[in-house]
Each structure stands twice: as structure tokens, then as C-alpha cells.
Amino acid sequence: MDDLKQIETDITAAINGVNDIDSLDKLRVAELGKKGRVSLLMRRLGKMTPEERQEFGPKLNGLKTALNDKISDRKNVLEEEALNARLLSEKIDITLTPTPEGKGSIHPITQVVDEVTEIFTEMGFSVAEGPEIEEDFYNFTALNIPEEHPARQMHDTFYFPEDENGKRKVLRTHTSPVQIRTMMAGKPPFRIIAPGRTYRCDSDATHTPMFHQVEALVIDKGIHMGHLKWSIENFVKKFFEVENVKVRFRPSYFPFTEPSAEVDIGCSFKDGEIVIGEGDDWLEIMGCGMVNSKVLENVGLDPNEYQGFAFGMGLDRISMLKWGIPDLRDFFAADLRWLKHYGFSCLDIPSLSTRPLTQSGQK
Ligand code: PHE
């Protein structure tokens with residue numbers, strides 16, 4: 001049997017001498033491939049006596065594994081070097097002043113947040129915020145979604161590893177935890193909207209792992225479904241800029257509202273394009289309902305004294321509908337051509353602000 005140590009030393013030196021992944025791959029084929037030195041030795045095992053085989057078999061296998069490990073280590077090193085070289089050569093200086101050719105635009109999501117905020121602030125709402133890395137309590141438990149509740153499965157949650165107290169944080173699956181944070185932080189009445197990023201482990205043409213919602217919450221004495229209905233209808237008219245739009249409330253279920261409904265708006269399809277307003281078709285745009293008395297109790301409010309409504313709406317979805325954007329994934333592809341087409345000029349202001357001034361100079 002040839003000197004295995006010598007073979008190992010030779011090949012190791014060759015591996016360490018290689019400076020790019022292509023050459024490393026060629027070396028692997030030449031030395032460990034079918035016609036390589038190690039495989040030829042392997043083939044000789046068949047002709048050996050059982051005793052010899054018992055001695056050389058493990059040694060040869062050991063050699064093969066050792067060389068394969070060295071190749072993969074070298075590959076990791078070369079890949080990291082290549083990545084570092086690339087990062088260094090592709091770095092951009094973000095402090096440079098923008099050139100006219102590189103002019104950016106306002107992303108449709110930013111525009112939609114501005115428009116929705118404009119509409120609701122004019123209706124007397126203020127804007128609230130909450131963290132995207134959320135505690136289980138705010139995202140689920142306080143919203144009347146206890147552990148083992150089937151609704152937890154529906155949320156395709158991204159969980160963080162357990163912390164030292166055995167608790168797992170989540171990437172918030174909806175903006176509803178902001179309801180809880182708002183109610184726990186202050187005293188009613190509340191009238192807030194909370195736009196922001198939300199996360200679910202889901203991906204296709206209409207779902208992305210990160211998406212956007214806006215939550216609305218109103219809590220006061222004597223709030224009823226009528227207030228909910230008017231607020232939503234008023235929003236829909238202003239947002240889609242159509243005076244006559246059919247709005248339908250379909251009974252539904254959410255653990256944190258009772259009764260609950262899903263809201264559809266009327267639409268029709270003309271030449272492959274959606275026309276919002278009237279027609280025989282319906283598009284679902286949000287979930288809503290009267291805040292469940294259990295949720296009010298969870299945040300220390302007396303349901304006999306205070307009532308309220310809430311709704312949650314997909315911002316990506318309503319911008320796709322408003323501006324006829326076909327694929328949700330493009331929103332997050334960072335393709336400048338797409339942004340040029342669907343983006344807004346930085347001078348575009350939310351739709352309400354563009355209404356003509358009245359004689360008194362007020363909007
Ligand atoms: N949080 C719900 C969702 O993500 C939407 C919703 C919000 C429903 C508020 C009712 C009230 O689907």
C-alpha cells in the first residue's frame with residue numbers, strides 16, 4: 001500500500017495552494033473523483049486479504065473524510081474572501097448628494113400611510129405606535145387569544161427563542177397589540193390609528209412575510225356599531241375617492257371583537273381593471289367589530305361603562321386596489337424601475353390636502 005501519509009500531505013498542500021473556488025473544485029474531482037488517487041486505492045481493497053482490508057479500509061476511509069473536510073473548510077474560507085472582496089468593491093457612499101439620474105420616489109406604502117393618516121386625523125384620531133418585536137401577552141393573550149386557542153395557528157407566527165424566563169417574543173402578527181398598549185397606557189376616551197409593519201410566515205403573490213396594517217380603535221361611553229359603520233364608510237369614500245361606494249359588513253369572527261365583521265367594498269371589472277364603487281363584485285378590505293368585553297376587562301376597563309370598536313386593514317392590499325398594482329412581492333423587491341412607475345413624487349401630498357381651498361382659506 002502506498003504511503004497514505006504522503007498522499008495526505010501532497011493533497012493538503014494542493015488544497016491550501018488553491019486560490020479560487022473553481023480550481024478547488026477541479027482539484028477535488030482530480031484527487032477524490034472516480035479517477036483520483038484515493039478512489040484508485042479504494043478499488044484495490046477488493047483484491048486484498050480480509051486482514052489487509054481490515055487494516056487499510058478504515059485508514060483509507062479516514063483519509064477520504066479528512067481530505068473532504070479540508071476541501072470544505074477551504075471552500076468556506078474562499079467563499080468568505082470572495083464575499084468580502086465583493087462587499088468592498090460594491091460599497092456605496094450614502095453621504096453623497098443624490099444625482100438627478102438617481103432621483104428616488106415615494107414608495108406606495110409610504111404614500112398610503114400618509115393618505116390614511118390624513119383621513120383619520122381629520123376625523124379626530126391620533127396616531128399610536130407599538131413595537132414590532134412584541135410580547136405574547138400583547139399580541140395574543142390580552143386580545144382574548146389564550147394559549148392553545150386555534151386562532152394562534154391561523155397567524156403563522158414568527159417566534160423568537162425562549163428568553164431566560166421561558167418566554168418567547170414574537171414578530172407581531174397584526175397591529176392589534178397596539179390596542180392593548182394604548183388602553184393600558186392611558187385613560188379613555190381613545191381614538192387612535194396605528195399603522196405599521198406586521199409579520200406572518202407566508203409567501204405568495206398576495207402574501208409576503210412582512211406586510212403592513214393599520215389598526216383603528218375607538219373607546220368611549222355609548223359607542224355602538226353605527227359609529228363603526230360610519231367611520232369605515234367615510235374612510236372608504238375618501239380613500240378611494242368615490243362618492244358612491246357600496247360597503248357590506250359580513251358576519252365574521254375575531255377573538256378580540258364581538259360581534260365581528262369583515263368589510264367588503266363593491267367593485268366591477270372593466271377591461272381587466274378593477275373599478276371601485278358599484279357593481280356586482282365584492283372585495284374584502286378589512287376586519288372589524290365591537291371590542292370584546294373580555295378585552296376591556298383585560299386592560300382594566302369596565303365594559304358596562306365603556307364600549308368601543310376596532311378595525312384592522314391591510315395597507316398593501318388597499319394600495320394594490322387603489323393604484324392597480326398586480327403583485328404584492330414587487331413592493332419589496334427594491335426595483336428602481338418599479339418604483340419609478342408606481343412611486344410618487346415627493347411633492348405629491350395626501351389626497352385630502354389637495355382639495356381646493358374654500359373662500360375662507362380653510363380646507
Ligand atoms: N387583527 C385582525 C387581523 O389581523 C384584524 C382586526 C382588527 C379585526 C381589529 C377586528 C378588529 O386579521
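Residues numbered from 1 in each chain as written. Predicted model: local features only at pLDDT ≥ 70, side-chain atom pairs only at ≥ 80, totals over all residues. Heavy atoms only, no water.

Undergrad: Describe the nonpolar core, listing the residues and the values that go with them.
TA: The biggest cluster of nonpolar side chains holds 35 residues, and the ones touching the most others in it are F235, V236, I265, F311 and I318. Sorting the residues of this core by element identifies α5 (108-122), β6 (210-220), α9 (225-240), β8 (257-270), β10 (281-291), β11 (307-314) and α11 (315-323) as the ones contributing at least two each. Looking at this core, the element that brings in the most residues is α9, giving six residues. (Core = buried A, V, L, I, M, F, W, Y, C linked by side-chain atoms within 4.5 Å. Buried < 20%, exposed > 50% of the residue type's maximum accessible area, 1.4 Å probe, protein only. Helix = DSSP H or I, 4+ residues; strand = E, 2+ residues; numbered from the N terminus.)

Undergrad: Can you explain the side chain of E8? Please cite residues and give values.
TA: Relative to the elements of secondary structure, E8 occurs in helix α1 (residues 4-17). If near-sequence neighbours (up to four positions away) are discounted, E8 is found in contact with L63, A66, L67 and K70. (Contact = heavy atoms within 4.5 Å.)

Undergrad: Could you give an account of the site of the ligand, with specific residues and numbers?
TA: Contacts to the ligand come from 14 residues, most closely from H174, S176, R200, Q213 and G312. Between the ligand and the protein, one listed contact pairs a nitrogen atom with a side-chain N or O atom of S176 at 2.9 Å. One of the side-chain nitrogen or oxygen atoms of Q213 is found 3.0 Å away from an oxygen atom of the ligand. A total of 330 Å² of accessible area belongs to the ligand in isolation, and the protein chains cover 91% of it. Taken atom by atom, the bulk of the ligand overlaps the largest pocket. Secondary-structure elements contributing two or more residues to the shell around the ligand are β6, β10 and β11. (Near = heavy atom within 4 Å. Polar contact = N/O pair within 3.5 Å; in protein donor to acceptor, adjacent residues only side chain to side chain. Areas by Shrake-Rupley, 256 points an atom, 1.4 Å probe, with all protein chains shown as cover. 1 Å grid on protein atoms, 1.4 Å probe; cavity = no way out; pocket = protein on both sides within 12 Å on 5 of 7 lines; lining within 4 Å. Sits in = over half its atoms within 2 Å of the grid points.)

Undergrad: Tell me about the layout of surface pockets, residues and numbers included.
TA: Computed from the structure, the largest pocket encloses a volume of approximately 1200 Å³. Contributing to the lining of the largest pocket are 49 residues, with R200, Q213, E284, G314 and R317 lying nearest its centre. Ranked by residue count, the leading element in the lining of the largest pocket is α11, at seven residues. Taken together, the residues of the lining of the largest pocket sort by class into 23 nonpolar, 16 polar and ten charged. Space inside the second largest pocket adds up to approximately 380 Å³. (Points joined across faces, edges and corners; volume = space filled by probe spheres on them. Nonpolar A, V, L, I, M, F, W, Y, C, P; charged D, E, K, R; others polar.)

Undergrad: How would you summarise the pattern of salt bridges if you had to cite specific residues and measurements?
TA: The final tally for this structure, using the stated rule, is 22 salt bridges. Note that E8 is salt-bridged to K5, the shortest N-O span being 3.6 Å. Taken together, the residues span about one helical turn, with E8 and K5 both in helix α1 at a distance of three residues. On the basis of relative accessible area, E8 is assigned to the buried category, the value being 18%. Sharing partners across several salt bridges, the network here consists of R248, R250, E262, D264 and E284. (Salt bridge = Lys/Arg side-chain N within 4 Å of Asp/Glu carboxyl O.)

Undergrad: Describe unusual backbone geometry, listing the residues and the values that go with them.
TA: Note the cis peptide between P188 and P189, where omega equals 5°. Looking at where P189 falls in the secondary structure, it is placed in the loop between α8 (177-185) and β5 (190-199). Cis peptide bonds are those with omega within 30 degrees of zero, and the linkage from E258 to P259 qualifies with 0°. Its location among the elements puts P259 in strand β8. A positive phi angle is found at A334, which is not glycine, with a value near 55°. Mapped onto the fold, A334 is located in the loop between α11 and α12 (336-342). Using a relative accessible area of 68% as the deciding quantity, one classes A334 as exposed.

Undergrad: Lay out the sheet that holds strand β2 (residues 133-134) in plain terms, naming residues and giving numbers.
TA: Strand order in the open sheet made by the three strands is β2-β4-β3, with antiparallel pairing throughout. Lying at the two open borders of the sheet, with one neighbouring strand each, are β2 and β3 (159-162). When β3 meets strand β4 (residues 168-171), the two strands line up antiparallel, connected through two bridges. Residue pairing for β4: E162 is matched across the bridge by R168. (Pairing = 2+ DSSP bridges.)

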